[in-house]
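# Secondary and tertiary structure notes
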Amino acid sequence: MASYIHRMILTTMICSIAYGQDVWEKHTIDGNYGGPWCVFALDIDRDEDIDVLGAAYGGSQLTWWENDGFQNFTEHTLDSYYSGSLDVYALDLDGDKDIDIVSAAHWAQEITWWENDGEQDFEKHTIEYGYFGSHHVFAIDMDDDDDIDVLGATKQGGNISWWENDGEQNFAKHIIINGFDGTRCVTASDLDLDGDIDVLAAAEFIGKLSWWENDGYQHYAEHTIQDNYNAFWVEVIDMDNDSDLDIVGAAAANSDISWWENNGYQVFSKHTIDGSIGGPQSIYPRDLDNDGDVDVLGAARFSNELSWWENDGNQYFIKHYIEPGYSYATGTFAIDMDLDGDIDVLGTAFGEDDISWWENDMATEAEDNELSDSGFALYQNYPNPFNDKTNITYHLQYRSDVEFIVYNILGQTIEKYTIGIVPVGLHSIIWDSKDLASGIYLFEIRMGDFSEIKRMTLIK
C-alpha cells in the first residue's frame, strides 16, 4: 500500500498537462459596484455552490452575491454605508458551523465581524472603533486555543494588532507593532513550521516586507524579508514544492511581483516574477492550470490589467493576460466558481465599478473524457494551506459507495473512514486536523474502483 501511495504522491507532484491556448470567459457579477477594492469567494450559505463577497471603497458598501448554483447571482447588502470599505474575509468565526464575515473600513475606522444566524441574516459586531487608517483584516486561531482570533492593520501609522477571542467572541486587543507605516496587507501562517502562528505584513511607505516570529506565547520578533521594497501585498505558500513555506509579494511603486525562496531556516532569496508591471495591487498564488505547481494571479492598477504568470514547474514564469484594459484593477481571487474541476478567477476594477469572474476553460479533452467515464471529480481542498479545518469537495455522476482517507507524506494512513452510499451530485467533507503537526498531507477519495489523491498543507 505504501509503495502505491508513493507512486500516487509522485504522480501528483510531477504530473503536467499540455494545454493549448488558455481561454478566460468573463462573467460580470456587478458592473455598477461603486469603486470596488476587494473580492472574496466561499460557499456563504452552505448550499454547495460558491458565493461572492465584495468591498466597495468608493461606494462604501459591503455586499455578498448569492449563487443559485448556475452562477446567476442575487445581491445582498450587508452595509450600504460602511465608509471606505476596503477588505473582507469569511470563515466560521464563532464555531456554529455557518459562515461569518470579517471586514475593515478605512474611513469608518473599524474592524468588524458579521454574525451569520444560519439563514444569512448578518448581525454587525464591531471589534474596534477608532482604528484609524484601517486597511486590511485576516482571521485565524492565533493562540492555539481552538477559537478564531482577528488580525488587522492600518495604513496610516502602521499599526498591526490582533484581537484575542475569549471563545465567546469578546475580543481583547494585542499590539504587535506600531510604525510599520503604510501597511497595506497583513496575513498569518506558521511560516517556520514550529507549531505556532507567525505574522507577515507589507508596508508601502517605509518600503519593507517583514515577518514576526511567534515564540509560542504570542510574543513577536520582527525579521525583515526585504528592505527598499514598497510592499503592497504578501502571501505565504510553498512555491517550489520543497515542504517549506515561501513568500510571494508585490510592490506597486517598484512595479514588481516576486517570490522569496525559503531555505528551510527562514533565510529568503528573492526571485523576480515580473519587474515591469505597472502598480501591482493584489496577488493570489494558486495552481491555475492544474499542473501541480503554483502559478501567480495579479491585479495591477496602473497598467490596468488582470494577469497570471504560469509556473513551468521550475519557478520560471510566463505571463498571460486574463483581462487587459481592466481599468484600475484592484482585487483578485481564485477558486473553482462553477465546480467543474478547474480554477476560475475573480477580479475588481475600481475604474470600471466592476466585479466579475472569469471562467477557466483550460481543461483538455482527455480530462473531460476521464471525468465522463469515471463519473467522479475531486477538487482541491479549500483553504489550502489551512489551519485546523479544511473543506474537501467531490462530485459524483453515479450513486456510489465512498471512502475518505488521509495520509502523511510517507504514505502512512492518518485517518480512514467509510462515508457510505452517496447520491449523485456535489458533496463536501469538512476535515478537522485535530492535534496533527504542521506539514504536507495527502487526501484520497475512493469511489468503487476509482480513486484520486490530492495534496494539502496544514499550518498551525
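As the structure is a computational prediction, the values presented were derived from the model and not from experiment.

## Examining the overall build of the chain
Along the chain, the regular secondary structure elements total two helices and 35 strands. Rg of the C-alpha trace for the chain: 21 Å, near the compact-globule value of 23 Å for 460 residues, within the 12% margin. Counting only C-alpha atoms and orienting by the principal axes, one finds that the chain spans roughly 60 × 45 × 45 Å. Evaluated residue by residue, the chain yields a buried proportion of 58% over its 460 residues.

## What about the confidence of the model for the chain?
With 91% of its residues at a pLDDT of 70 or more, the chain shows a mean pLDDT of 89. Note that pLDDT drops below 50 for residues 2-21; the model gives that stretch 36 contacts with residues more than four away or on any other chain. Across residues 364-372, confidence stays below pLDDT 50; counting only partners more than four residues off in sequence or on other chains, it has 14 contacts.

## Here we look at the packing of aromatic side chains
The relation between two aromatic rings is expressed through the spacing of the ring centres and the mutual angle of the planes. In total, this model carries 19 aromatic pairs according to the counting rule given. The interplanar angle of 40° and the centroid separation of 6.5 Å between the aromatic rings of tyrosine 57 and phenylalanine 350 together place this pair among those described as tilted. Separated by 293 residues along the polypeptide, tyrosine 57 in the loop between strand E3 (51-56) and strand E4 (61-67) and phenylalanine 350 in the loop between strand E27 (344-349) and strand E28 (354-360) bring together distant segments of the chain. Since its relative accessible area comes to 22%, tyrosine 57 is described here as partly exposed. Plain terms: the ring middles of phenylalanine 302 and tyrosine 328 are 6.4 Å apart, the flat faces sit at 75° to each other, and that makes the pair edge-to-face. One end of the pair, phenylalanine 302, is in the loop between strand E23 (295-300) and strand E24 (305-311); the other, tyrosine 328, is in the loop between strand E25 (317-324) and strand E26 (329-335), and 26 residues separate them in sequence. Under the relative-accessibility criterion, tyrosine 328 is labelled partly exposed at 26%. Three or more aromatic residues joined by ring pairs form one cluster here, namely Trp37, Tyr57, Phe302, Tyr328 and Phe350.

## Here we look at the state of the cysteines
Inspection of every chain in the model, using the stated rule, returns zero disulfides. Cysteine cysteine 38 remains unbridged, with the sulfur of cysteine 185 as its closest cysteine sulfur at 10 Å. For cysteine 38, a relative accessible area of 10% corresponds to the buried category.

## Notes on the nonpolar core
In terms of nonpolar packing, the biggest core is built from 82 residues, with Leu151, Ile160 and Leu346 touching the most fellow members. If you tally residues by element for this core, the top one is strand E2 (residues 36-42), at five residues. With 32 residues, the next largest nonpolar core counts Leu191, Leu245, Ala251 and Phe268 among its residues.

## Focus: unusual backbone geometry
The peptide bond linking asparagine 384 to proline 385 adopts the cis configuration, its omega dihedral lying at 5°. Mapped onto the elements, proline 385 comes out in the loop between strand E29 (376-378) and strand E30 (389-396). Phi at aspartate 388 is positive, roughly 80°, even though this residue is not glycine. The class of aspartate 388 is partly exposed, set by a relative accessible area of 26%.

## So, the sheet that holds E4
Spatially, E2-E3-E4-E5 is the arrangement adopted by the four strands of the open sheet, whose pairing is antiparallel. Edge positions in the open sheet fall to E2 and strand E5 (73-79), since each of these has one partner strand only. Ignoring strand direction, the axes of neighbouring strands in this sheet form an average angle of 20°. In this sheet, E3 lies alongside E2 in antiparallel orientation, the contact comprising six bridges. Looking across to E3, one finds that alanine 41 is bridged to valine 52.

Calculation criteria
- Numbers given to residues run from 1 along each chain, matching the order in which its sequence is written.
- Per-residue local features of the predicted model are confined to residues with pLDDT of at least 70, and side-chain atom pairs are confined, for both listing and counting, to 80 or more; whole-chain, interface and lining totals are unaffected and use all residues.
- Note that water and hydrogens are dropped before the side-chain values are worked out from all heavy atoms of the structure.
- Secondary structure elements follow DSSP: runs of H or I no shorter than four residues count as helices, runs of E no shorter than two count as strands, and numbering proceeds from the N terminus.
- Taken over C-alpha atoms, the radius of gyration is set against a globule rule of 2.2 Å times the number of residues to the power 0.38.
- Summary of the burial criterion: residues with accessible area below 20% of their type's maximum are buried, those above 50% are exposed, and those between are partly exposed, where the area comes from a 1.4 Å probe applied to protein chains only.
- pLDDT expresses how confident the predictor is about each individual residue, on a scale running from 0 to 100.
- Pairs of residues are marked as contacts when any of their non-hydrogen atoms sit within 4.5 Å.
- Classification of ring pairs uses Phe, Tyr and Trp, with its six-membered ring standing for Trp, and accepts pairs whose centres are within 6.5 Å; under 30 degrees between planes counts as stacked, over 60 as edge-to-face, and the remaining range as tilted.
- Defined by distance alone, a disulfide is two cysteine sulfur atoms within 2.5 Å.
- Side-chain atoms within 4.5 Å are what join buried Ala, Val, Leu, Ile, Met, Phe, Trp, Tyr and Cys residues into a set we call a nonpolar core.
- Pairing between two strands requires that DSSP report at least two bridges joining them.
- Interaxial angles span 0 to 180 degrees and are taken between N-to-C directions of axes, which are lines fitted to C-alpha atoms, for helices over the stretch in contact.

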